[in-house]
Amino acid sequence: MNHVTTLDVTIVVLYMLGMLGVGMHFVKRVKNGGDFYVAGRSLGPVVLAATVCATIIGGSAMMGRGGISYTSGMRSVVVAVPYLLGMFLFSAISGRIQKVGQERGITSIPELIEYRYGKNVKYLLAALIGYTMMATVASQISATATIFKMLGGNMGITYEMGAIFATLIFITYTAASGLFGVVYTDVAQFFMLLLFVYIILPVMSVTQAGGLTALLTNTPKEMFQIELDGNLIGMIVTNLVFTVAGAEMWQRAFAAKDRKTARKGMFWGTSVYAVTILITLTLGLAARQILPNIIEEFGTADAVIPAMVIRVLPIGITGLTLAGLLSVMMSSADSYLLISTQTFVRDIWKTHKPDLSDKKELSYSRIITAVLALGALIIALYIKNAYDALMFAWTFYAASVGLPAVAALYWKKATKQGIVSSVLTGFAVSVLWKMIGEPGGLGAAVPGSIACGIVLIVVSLATYKKNPARMA
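Residues numbered from 1 in each chain as written. Predicted model: local features only at pLDDT ≥ 70, side-chain atom pairs only at ≥ 80, totals over all residues. Heavy atoms only, no water.

### Digging into the overall build of the protein
Heads up, the rule is: Helix and strand definitions follow DSSP, with helices as H or I runs of at least four residues and strands as E runs of at least two, each counted in order from the N terminus. Within these notes, the globule rule equals 2.2 Å times the number of residues to the 0.38 power, and the radius of gyration is based on C-alpha atoms. For every residue, the accessible area (1.4 Å probe, protein chains only) is compared with the maximum for its type, and the residue is labelled buried under 20%, exposed over 50%, or partly exposed between those bounds. For accessible areas, the Shrake-Rupley method is used with a probe of radius 1.4 Å. Any residue's cover is judged against the shown protein chains and nothing else. Working convention for charge: Lys and Arg count positive, Asp and Glu count negative, and His plus the chain ends are omitted. In plain terms, the charge of a residue is placed at NZ if it is Lys, CZ if Arg, CG if Asp and CD if Glu.
Per the secondary structure count, the protein includes 21 helices and zero strands. Against the globule reference of 23 Å for 472 residues, the protein gives a C-alpha radius of gyration of 22 Å, in line with a compact fold. Structurally, the protein occupies a C-alpha span of about 70 × 55 × 40 Å along its principal axes. Looking at the 472 residues of the protein, the share that counts as buried comes to 58%. For the protein, the computed accessible surface area is about 17600 Å², with 66% contributed by carbon and sulfur atoms. Once the 36 positive and 22 negative side-chain charges of the protein are each reduced to a mean point, those two points are 12 Å apart.

This is the structure:
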């Protein structure tokens, strides 16, 4: 394994400081909560496509998928395709989301829920969303710390030092400029990611593996075979439902300047993501031949992509590519951090204190952003049990929020009673299924989502005539 040079580390540090500068540039454009959370509904198609792609690729997801590609080949594609299909489905409904948001002054899923069903239901959804988004921030910090450890281990840079440095960077620009800082740093990170991680790195990796023909010939046939099991089915359902109900994507749709822009930006951002799925598979397969001892050396296959960067790329390009990898973590972490802040400040606090002024809301939002990020950092680094509990949030979020959120947008017969019952049922069933050991290996999101959907339909139809909800 080659070592990262001082030049490479310097490039990474300068890059991250550059992202800080980009984020801080937009501070003056933030005048109120609407600017902070949805960038004044000003996002155009190119910016929207870039921020969507940069966010959905995700640091922990990319590294995790790289690890699956390394150990299980095509299984990584099977896991990613439902996410892709979910995003294309979301692209189709994003115009409706933008229209409802603009006409009703809505900026989040909980606000949509409040408009249709009232404050109490809003609190329930907000609590689940806030918890899940915090889980994702912690996971991105963990992935960032892993790269920093690999980046500067020979220079005395530790896992903790790297995580703290990266967290302070995205705390600063997210707290200062809100979604403006998040999306415009995402644009820069998007192009870094494409050029260095998804073009230069795979070309160099395949070349070192002896060319594409040699790579495919030397890869065991079982790497191209797919065996469905309960765990895989659970991952597929979770990825599909979670994507359609992803609070960060709803926020982007609300922030688009019009319906057409929302659909176009979501579609093209998702299309670029589709290409990265096959590239990640290629990187994982190439690593099996170039670095056959990844797990023994680093303790996890998730280290495969940064390890490949260090191994196959020349000095300087290594630093730029590692900066691109870090950009993935930051582009996801800042998005989920902002959603967490919005949930706690606007969806919960301001709902309880409706007389909160714009100035105070903005000040509190910046403070809470810093507090939540530091909390996620502590959990990711030092409280393993809490981190594991947080990561389970993805499962019960998919099972309890996905279908009710879409129903609130489209189904006029969905009622308050139906929404509450379905959310609680999806949550309870997924948690119970997990507690009893996921019988048959079936992921908890599957029974949770099924139960959620059944209860939503049955209870809503039973209560619609007596308690109809207004349509958005």
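Right, picking up where we left off after that structure.
### Thoughts on the pattern of salt bridges
The cut-off we apply is this: Any carboxyl oxygen of Asp or Glu that lies within 4 Å of a side-chain nitrogen of Lys or Arg is treated as forming a salt bridge with it.
Counting across every chain of the model gives six salt bridges. Its salt-bridge partner being Glu 438, residue Lys 434 comes within 3.7 Å of it at the nearest N-O pair. Judged by relative accessible area, Glu 438 falls into the buried class, the value being 17%. One continuous salt-bridge network, built from bridges that share partners, spans Arg 346, Lys 350, Asp 358 and Glu 361.

### Structural notes on the side chain of Ser 94
Applied cut-off: Two residues form a contact once any of their heavy atoms are found within 4.5 Å.
If you trace the backbone, Ser 94 turns up in helix α5 (residues 75-104). If we ignore the near neighbours within four places in the chain, the residues touching Ser 94 are Ala 253, Ala 262, Arg 263 and Met 266.

### With respect to the packing of aromatic side chains
Heads up, the condition is: Any Phe, Tyr or Trp ring, taking Trp's six-membered ring, that has another such ring centre within 6.5 Å forms a pair; planes under 30 degrees apart are called stacked, those over 60 apart edge-to-face, and the others tilted. Note on geometry: a ring has a charge over it if NZ (lysine) or CZ (arginine) is within 6 Å of the ring centre and within 35 degrees of the ring normal.
Taken as a whole and judged by the stated rule, the model has twelve aromatic pairs. Here Phe 26 and Tyr 184 contribute two aromatic rings whose centre-to-centre distance is 4.5 Å and whose plane-to-plane angle is 15 degrees, an arrangement assigned as stacked. Of this pair, Phe 26 sits in the loop between α1 (6-25) and α2 (33-38) while Tyr 184 sits in helix α8 (residues 159-208), and the two are 158 residues apart along the sequence. Judged by its relative accessible area of 21%, Tyr 184 falls in the partly exposed class. Every member of this aromatic cluster is reached through a ring pair, and the members are Phe 26, Phe 180 and Tyr 184. A cation over an aromatic ring shows up here: Arg 470 above the ring of Tyr 115, its NZ or CZ 3.7 Å from the ring centre.

### Regarding the nonpolar core
Going by this rule: We define the nonpolar core as a collection of buried residues of types Ala, Val, Leu, Ile, Met, Phe, Trp, Tyr and Cys that are connected through side-chain atoms lying within 4.5 Å of one another.
Core analysis: the largest hydrophobic core is formed by 149 residues, its most contacted members being Met 16, Met 62, Trp 250, Tyr 273 and Met 308. When residues of this core are assigned to their parent elements, the largest contribution, 19 residues, is made by α8. Excluding anything up to four places from it in sequence, Met 62 contacts Ile 57, Val 197, Tyr 198, Thr 280, Ile 305, Leu 325 and Val 328.

### Some points on the packing of helix α19 (residues 402-410) against helix α21 (residues 445-463)
Stated precisely, the cut-off is as follows: Every angle, taken between N-to-C directions, lies between 0 and 180 degrees, and every axis is a line fitted to C-alpha atoms, over only the stretch in contact when it is a helix. Each residue gets one of three labels, nonpolar for Ala, Val, Leu, Ile, Met, Phe, Trp, Tyr, Cys and Pro, charged for Asp, Glu, Lys and Arg, and polar for the others, Gly among them.
Relative orientation of the contacting elements α19 and α21 amounts to 35 degrees, with a least axis distance of 9 Å. Within the contact between the two elements, α19 uses Leu 403, Pro 404 and Ala 407 and α21 uses Ser 449, Cys 452, Gly 453 and Leu 456. Across the contact of α19 with α21, the residue classes break down as five nonpolar, two polar and no charged.

### Re helix α18 (residues 393-400)
Counting buried positions along α18 yields eight of eight residues, so the element is predominantly enclosed. Residues Ala 393, Trp 394, Thr 395, Phe 396, Tyr 397, Ala 398, Ala 399 and Ser 400 constitute the buried set of α18.

### Describing a positive patch on the surface
Worth spelling out the cut-off: Patch membership is restricted to residues that have no salt bridge and whose relative accessible area is over 30%. Joining uses 9 Å for like charges and 5 Å for the nonpolar side chains Val, Leu, Ile, Met, Phe, Trp and Tyr.
On the surface, Arg 259, Lys 260, Arg 263 and Lys 264 cluster together into a positively charged patch. One can find Arg 263 in helix α12 (residues 259-290). Classification of Arg 263 by relative accessible area gives partly exposed; the value is 35%.

### Observations concerning unusual backbone geometry
The phi dihedral of Ala 39 falls on the positive side, at around 50 degrees, and the residue is not glycine. Structurally, the position occupied by Ala 39 is in the loop between α2 and α3 (45-57). Phi at Arg 41 is positive, roughly 50 degrees, even though this residue is not glycine. Relative to the elements of secondary structure, Arg 41 occurs in the loop between α2 and α3.

### A short note on the environment of Gly 246
Along the chain, Gly 246 falls in the loop between α10 (230-244) and α11 (247-255). For Gly 246, a relative accessible area of 0% puts it in the buried group. Here the alpha-carbon distance between Gly 246 and Leu 85, two residues 161 residues apart in the chain, equals 13 Å.

### Describing the side chain of Thr 174
Note that Thr 174 resides in helix α8. With a relative accessible area of 0%, Thr 174 lands in the buried category. Among residues more than four places away in sequence, those in contact with Thr 174 are Phe 36, Val 182, Asp 334, Leu 337, Leu 338 and Thr 369.

### A word on the environment of Trp 411
Relative to the elements of secondary structure, Trp 411 occurs in the loop between α19 and α20 (416-435). When its relative accessible area of 25% is taken as the criterion, Trp 411 is described as partly exposed. Taking the C-alpha atoms as reference points, Trp 411 and Ala 472, separated by 61 residues in sequence, lie 9.7 Å from one another. Setting aside residues no more than four positions away along its own chain, Trp 411 makes contact with Arg 116, Val 406, Leu 456, Ile 457, Ser 460, Leu 461 and Met 471.

Honestly, it's all geometry; don't read function into it.
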